[in-house]
Amino acid sequence: MKRRVVVTGLGAVTPCGNDAASTWAAMRDARSGTARVSKFDASAMPVQIAAEVKDFDAQRRIDKKLIRRLDLFAQYAMYAADEALEHAGYTPREGGDPRFGVYVGTGIGGLQEIVNGSRLFDASGWKGLSPFFIPRALTNLAGGQIAIRYGAQGPSLCVTTACATGNHAIGEAFRAIQYDDADAILAGGCEAAVSPVGLAGFMVMRALSKRNDDAATASRPFDKDRDGFVMGEGAGILLLESLEHAQARGAEVLAEITGYALNNDAWHDTAPSPGGAGAARCMAAALKNAGIPPEAIDYINAHGTSTEQNDVSETEAVKSVFGAHARRLTMSSTKGVTGHLLGAAGGVESVATVMALRTGIVPPTANLFEPDPACDLDYVPLTARETRPRTALSNSFGFGGVNAALVFRRFEG
């Protein structure tokens, strides 16, 4: 018999705040984290805005010596993981715990570290490289360093599935606990690719908004005037536990995960399949896995990137799966506030979904001033709404055709 899996801790580092509470408050109040790029000089680039993490001080939660070994994406992940453990009141077992795991992924990993290492190698040969070069660049070292710090000797997995990374990591952790491979797992995603090469790479694909003089409203999911996504960074980490494990230690349960599915469009490297067919199959499979009908979903935290193809295809997919109910449920994208956090998006948006269930408040789609006629569902424009959702779906889709959907439910014992 599969075990029930619950969320007991939340952690976040985002362009809107360096903890889950401030991130949620910004989402709820539609306060954008997008601004002019400050980490490097982007003045000569057509895109000069991003959703950067601000005022981040890793030493608040991470030892100074360890910081030297961590690329920024791993610092964000460890910082958020520490908050999730603190929030859950979870103290890892001294000496290590083979029933405690870490499923933390990233879409790109140490991109700037690789760029810097390449420059050093070109300038000075192999002698110019730091011994920390490979450990700082490797995608799995965020989760690896978290496991080392907390003695998490159980299942460990680094998911790298572009913008679906966070959802896939949480979903696979959910399954591991369901099938008794672990009692508790830190799960989510992280990213720190806001760099000259990272920004330019997405820019030359014509994927990014060029609204440089109106940064706060640049990310406009489902809006008729959207012109691309805003590149962001950060981390979102959840502590998942079996219900029995959480109850045995007297933990407060924040929400329950009841369903998960993943699939592939098998259509195009960057574009969604026509009509959102792959996303629709994924959502339907998640509902089946949860054992609920489409009518049971009250709220969808959309992938909603603010790109023309994604927003329309996700809308079409929701209509396909939910039929007439699609016009009764609420659906919003928090990327109007956070920008697109790439591999961290699913983790941060799962935090938002859990908070919507906890508070009864659905976060709005910021900057949705005039909907695209092809996007004609209830996206909760501009202002949060108290709807008391009981069951919610969180979508994440990524390059390579990857899709992931999670079903969360308000915990009722």
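Let me sum up the structure you'll find in this document. (Residues numbered from 1 in each chain as written. Predicted model: local features only at pLDDT ≥ 70, side-chain atom pairs only at ≥ 80, totals over all residues. Heavy atoms only, no water.)

Moving on to helix α3 (residues 72-88). With 17 residues, α3 should reach 24 Å at 1.5 Å per residue; the first-to-last C-alpha distance of 24 Å fits that figure. For α3, the tally of buried residues reaches 14 of 17 residues, placing the bulk of the element in the interior. In the stretch just after α3, Gly89 is the one whose phi turns positive, near 65°. (Helix = DSSP H or I, 4+ residues; strand = E, 2+ residues; numbered from the N terminus. Expected span 1.5 Å × (residues − 1). Buried < 20%, exposed > 50% of the residue type's maximum accessible area, 1.4 Å probe, protein only.)

Quick look at helix α11 (residues 308-322) now. The first and last C-alpha atoms of α11 sit 22 Å apart over 15 residues, in line with the 21 Å expected at 1.5 Å per residue. Looking at the packing, one finds that the buried side of α11 touches α10 (277-290), β9 (299-301), β10 (330-332) and β13 (391-398). Gly323 sits one or two residues past α11 and shows a positive phi near 55°. (Contact = heavy atoms within 4.5 Å.)

It is worth spelling out the pattern of salt bridges at this point. With the rule as written, the count across this model stands at 31 salt bridges. The partner of Arg249 in a salt bridge is Glu241, and the shortest N-O contact between them spans 2.6 Å. Residue classification places Arg249 among the partly exposed residues on the basis of a relative accessible area of 28%. Taking the relative accessible area as the measure of exposure, Glu241 reaches 0% and is therefore buried. When salt bridges that share partners are traced, they join Arg3, Arg99, Asp180 and Asp183 into one network. (Salt bridge = Lys/Arg side-chain N within 4 Å of Asp/Glu carboxyl O.)

In the contact formed by α10 and α11, the axes pass within 8 Å of each other and the chain directions differ by 45°. In terms of their interaxial angle, α10 and α11 are classed as oblique. For the crossing formed where α10 meets α11, the hand is right-handed. In this structure, α10 uses Ala279, Ala280, Met283, Ala284 and Leu287 to contact α11, whose residues at the interface are Ala317, Val318, Ser320, Val321 and Phe322. Residues belonging to the contact of α10 with α11 are distributed by class as follows: 9 nonpolar, 1 polar and no charged. (Axes fitted to C-alpha atoms, helices over the stretch in contact; angles between N-to-C directions. Parallel < 35°, antiparallel > 145°, perpendicular 65-115°, else oblique. Left-handed = near helix turned anticlockwise from the far one by under 90°. Nonpolar A, V, L, I, M, F, W, Y, C, P; charged D, E, K, R; others polar.)

Here we take up the packing of aromatic side chains. The description of two aromatic rings rests on the distance between their centres and on the angle between their planes. With the rule as written, the count across this model stands at 6 aromatic pairs. Ring centres 6.4 Å apart and planes at 45° place the aromatic pair Phe202 and Phe399 in the tilted group. Of the two residues, Phe202 sits in helix α8 (residues 196-204) while Phe399 sits in the loop between β13 and β14 (402-409), which places them 197 residues apart along the sequence. Of the residues examined, Phe202 reaches a relative accessible area of 12% and is grouped as buried. Phe399 sits in the partly exposed class, given a relative accessible area of 32%. Within the aromatic cluster, the residues linked to one another by ring pairs are Phe56, Tyr76 and Tyr79. Above the plane of the ring of Tyr79 lies Arg61, whose end atom (NZ or CZ) is 5.6 Å from the centre. (Phe/Tyr/Trp six-rings, centres within 6.5 Å; stacked < 30°, edge-to-face > 60°. Lys NZ or Arg CZ within 6 Å of the ring centre and 35° of its normal.)

If you look at the biggest cluster of nonpolar residues, it comprises 38 residues, and the most contacted ones within it are Val7, Leu10, Ile185, Leu238, Leu240 and Phe408. Contributing elements (two or more residues each) for this core: β1 (5-13), α1 (20-29), α7 (165-178), β6 (184-191), β7 (234-242), β8 (255-264), α13 (345-359) and β14. In terms of residues, this core owes the most to one element, α13, which gives 8 residues. Leave out the neighbours within four places in its chain, and Leu10 touches Ala20, Glu83, Ala84, His87, Ile237, Leu238, Leu254, Val351, Val354 and Met355. (Core = buried A, V, L, I, M, F, W, Y, C linked by side-chain atoms within 4.5 Å.)

Let us look at unusual backbone geometry. Non-glycine residue Ala162 carries a positive phi angle of around 50°. Take Ala162: it is sitting in the loop between β5 (156-157) and α7. With relative accessibility at 22%, the residue Ala162 sits in the partly exposed group. Positioned with a positive phi, Ser306 is a non-glycine residue whose angle comes to about 85°. Mapping Ser306 onto the fold places it in the loop between β9 and α11.

By the criterion of burial, β14 is predominantly enclosed, with 7 of the 8 residues buried. For β8 and β14, the ladder comprises 8 bridges, and the chain directions are antiparallel. If you follow Gly259 over to β14, its bridge partner there is Val407. Of the strand pairs in this sheet, β13 and β14 are connected by 8 bridges, and their pairing is antiparallel. Paired with Ser396 across the two strands is Ala404, which belongs to β14. Counted between consecutive antiparallel strands, the loop separating β13 from β14 contains 3 residues, among which Gly400 sits at a positive phi close to 90°. (Pairing = 2+ DSSP bridges.)

When two helices pack together, their arrangement is given by the angle between the helix axes and the distance between those axes. Running from amino to carboxyl end, α3 crosses helix α6 (residues 141-150) at an angle of 40°, the nearest separation of the two axes being 9 Å. The orientation of α3 relative to α6 falls into the category oblique. As α3 runs across α6, the sense of the crossing is right-handed. Only Ala142, Gln145, Ile146, Arg149 and Tyr150 of α6 make contact with α3, whose side of the interface consists of Phe73, Ala74, Ala77, Met78, Ala81, Asp82 and Leu85. Considered class by class, the residues forming the contact of α3 with α6 number 9 nonpolar, 1 polar and 2 charged.

Turning our attention to the sheet that holds strand β4 (residues 100-106). Judged by pairing direction, the sheet is mixed, and its 10 strands sit side by side in the order β5-β4-β6-β7-β1-β8-β14-β13-β9-β10 without closing on themselves. The open sheet has two edge strands, β5 and β10, and neither has a second partner. α3 contacts β1, β4, β6 and β7 of the sheet and is inclined by roughly 130° relative to β1. Strand contacts of α11: β9, β10 and β13, with the helix running at about 135° to β13, the strand carrying the most contacts.

With the rule as written, the count across this model stands at 0 disulfides. The thiol of Cys158 is unpaired, and the distance to the nearest cysteine sulfur, on Cys190, comes to 7.7 Å. For Cys375, which is in no disulfide, the shortest distance to another cysteine sulfur is to Cys163 and amounts to 18 Å. (Disulfide = S-S within 2.5 Å.)

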